[in-house]
Amino acid sequence: MYDIIVVGARCAGSPTAMLLARAGYRVLILEKARFPQDTLSSHYIHQPGVALMSRWGVLDAVVDTGCPPLTHVSYEAPGIRLAGCSPPADGHRAGYAPRRYRLDPVLAAAAVDAGAELREGVTVTGLLREGDRVTGVRYRTGAGPEHTEQATLVVGADGMRSLVARLADARTVIEDPNLTCTYYSYWEGLPAGFELYERPGRWIGVIPTNDALTLVMAYFPQNEFPRMRTAAAASFQEAVRTTAPHLHQRMAAARQVERLYGTGDQRNFFRQATGPGWVLVGDALHHKDSITARGITDAFLQAQSLADRIGPRLHDQKALTAALRRYGRDVDDYFFDYYRSTLTVAELRLPENRTALLRAISTDQTLTDRYFGTLSGACTLEEFYNKELLDLVAADR
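I will try to describe carefully the structure that is included in this document. Here the structure is a predicted model, which is why all the values come from computation and not from measurement. (Residues numbered from 1 in each chain as written. Predicted model: local features only at pLDDT ≥ 70, side-chain atom pairs only at ≥ 80, totals over all residues. Heavy atoms only, no water.)

A short note on the overall build of the protein
Right, on to step 1. Along the protein, the regular secondary structure elements total 14 helices and 19 strands.
Right, on to step 2. Relative to its length of 397 residues, the protein is compact, with a C-alpha radius of gyration of 21 Å against a globular reference of 21 Å.
Right, on to step 3. Referenced to the eigenvectors of the C-alpha coordinate spread, the extents of the protein come out at roughly 60 × 45 × 40 Å.
Right, on to step 4. When the 397 residues of the protein are sorted by exposure, 56% land in the buried category.
Right, on to step 5. When the accessible surface of the protein is totalled, it reaches about 16,300 Å², and 49% of it is carbon and sulfur. (Helix = DSSP H or I, 4+ residues; strand = E, 2+ residues; numbered from the N terminus. Rg over C-alpha atoms; globule rule 2.2 N^0.38 Å. Buried < 20%, exposed > 50% of the residue type's maximum accessible area, 1.4 Å probe, protein only. Areas by Shrake-Rupley, 256 points an atom, 1.4 Å probe, with all protein chains shown as cover.)

If you want it as structure tokens, here you go:
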């Protein structure tokens, strides 16, 4: 009998397990993959996520994987150029973009060091119940027989297509259509910083990562995905050439070292956070388009919020139920504005009100940095959209 079973050991599950194990609970983590194993990802960890890694004592291990600190970001669109950096979060100004086959094992090792038990290569096949309460899981390893484990709480950290959410009948409470598809790969010998390029219908992201490689991602409208699947390489190159021609020239002198990866399944939703005996965290709970690269940071923030809300209340059923409901409200309250702003970017339009805003702040470094801070989460939207900004935009018009 475990206190908590966490299904999924990537960037939501392992921090959740680590924090709850540090709180003294007996925690089991069940992970389908065997680490190290890569997964689709935009890689980037914004400053609030970096601050949490530092607080948890895992930042040095992530830095030691060789991903460089990113303390400067540039954004270009027709007639607009911004350059700066998000304000720091708890003293951390740099972001990082580790490969997932480097990051996820670090997080899992931290959970194990905290006392959690990790089982890899495990497929969860069902949930145990007593009445309407989830009391554990069914699982198998490889082609072996089915086993069961019981727990006071089952945490679904098993991603956008969460089996735990489906088996627990978690309702989808907010849902929007898929807006983009994305393709990406890695280049060697590509001098670059953290760079963003946009034109109507296209978005390009460039991020240095491990092993002196540079990730280049291209975003396209969702309705182009059927065509992209048959001509991805040519469409990718054309998107870079027409959106970021100087980047395209640099890429021509560099070497692509991996195949092109892509997906058209970038769902946008909030699910019901919790029910009797279960709770969701990370992409299992809330997923949005990867264009703002908030997935890892948001998973970290949710893991910390969930652990804080549970605190010492796990074995007091009434107190635990109230704590988990507060956690659900925390997620709704904190992430909804980021969700809507992400969907606005993912529409791949450049409406006049946004271009006017970006032109206005491009002449003011403080406002530019605050704008990047709204993307990272280091600056709230209320802090950014103040009277000074509104006056500047009005004067620019």
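Digging into empty space enclosed by the protein
Right, on to step 1. Enumeration according to the criterion identifies two cavities of 30 Å³ or more in this entry.
Right, on to step 2. The calculated volume of the largest cavity comes to roughly 350 Å³.
Right, on to step 3. Around the largest cavity, the lining comprises 28 residues; the ones closest to its centre are His46, Phe194, Leu196, Thr292 and Leu375.
Right, on to step 4. Those elements giving two or more residues to the lining of the largest cavity turn out to be strand 3 (73-77), strand 11 (194-199), strand 12 (202-208), strand 13 (213-221) and helix 12 (365-376).
Right, on to step 5. Of the residues assigned to the lining of the largest cavity, the class counts are 18 nonpolar, 10 polar and no charged.
Right, on to step 6. In this model, the second largest cavity occupies a volume close to 40 Å³. (1 Å grid on protein atoms, 1.4 Å probe; cavity = no way out; pocket = protein on both sides within 12 Å on 5 of 7 lines; lining within 4 Å. Points joined across faces, edges and corners; volume = space filled by probe spheres on them. Nonpolar A, V, L, I, M, F, W, Y, C, P; charged D, E, K, R; others polar.)

Details of the sheet that holds strand 9 (residues 172-176)
Right, on to step 1. Across the sheet, three strands lie side by side as 9-16-19; this open sheet has antiparallel pairing. At either end of the open sheet lies a strand with only one pairing partner, and these are strand 9 and strand 19 (286-287).
Right, on to step 2. Set on the sheet, helix 10 (residues 317-346) makes contact with strand 9, strand 16 (268-271) and strand 19; between it and strand 16 the angle comes to about 170°. (Pairing = 2+ DSSP bridges. Contact = heavy atoms within 4.5 Å. Axes fitted to C-alpha atoms, helices over the stretch in contact; angles between N-to-C directions.)

Description of helix 1 (residues 13-22)
Right, on to step 1. The element helix 1 is largely enclosed, with a buried count of nine among its 10 residues.
Right, on to step 2. Considered for burial, the residues of helix 1 that qualify are Gly13, Ser14, Pro15, Thr16, Ala17, Met18, Leu19, Leu20 and Ala21.
Right, on to step 3. Of the surrounding secondary structure, the elements contacted by the buried residues of helix 1 are strand 1 (2-7), strand 2 (27-31), helix 2 (47-56), helix 4 (100-113), strand 8 (146-156) and helix 9 (295-310).
Right, on to step 4. Among the residues trailing helix 1, glycine 24 stands out with phi positive, at a value near 100°.

Examining the packing of helix 2 against helix 9
Between two packed helices, what matters for the description is the angle formed by their axes and the separation of those axes.
Right, on to step 1. One can describe the packing of helix 2 onto helix 9 by two numbers: an axis separation of 8 Å at closest approach and a directional angle of 50°. When the axis of helix 2 is compared with that of helix 9, the two are oblique. Handedness of the helix 2/helix 9 crossing: left-handed. Together, Pro48, Gly49, Leu52, Met53, Arg55 and Trp56 of helix 2 and Thr297, Phe300, Leu301, Gln304 and Asp308 of helix 9 make up the contact between the two elements.
Right, on to step 2. Of the residues contributing to the contact of helix 2 with helix 9, the split by class is six nonpolar, three polar and two charged. (Parallel < 35°, antiparallel > 145°, perpendicular 65-115°, else oblique. Left-handed = near helix turned anticlockwise from the far one by under 90°.)

Quick look at the nonpolar core
Right, on to step 1. Of all hydrophobic cores here, the largest spans 77 residues; its most connected members are Ile4, Val27, Met53, Val137, Phe300 and Ile310.
Right, on to step 2. Apart from the residues lying within four places of it in its own chain, the contact partners of valine 137 are Ile5, Val7, Leu30, Val124, Gly126, Leu127, Leu128, His147, Thr148, Glu149 and Val154.
Right, on to step 3. Counting 34 residues, the second largest nonpolar core, distinct from the first, contains Tyr186, Met217, Ala293 and Leu348. (Core = buried A, V, L, I, M, F, W, Y, C linked by side-chain atoms within 4.5 Å.)

A short note on the layout of surface pockets
Right, on to step 1. Approximately 1,300 Å³ is the volume found for the largest pocket.
Right, on to step 2. Forming the walls of the largest pocket are 49 residues, and the residues nearest its centre are Thr39, Asp158, Gly159, Met160 and Asp283.
Right, on to step 3. Only strand 2, strand 6 (122-130), strand 10 (180-188), strand 19 and helix 9 provide two or more residues apiece to the lining of the largest pocket.
Right, on to step 4. The greatest single-element share of the lining of the largest pocket, amounting to five residues, is contributed by helix 9.
Right, on to step 5. The class makeup of the residues in the lining of the largest pocket is 19 nonpolar, 18 polar and 12 charged.

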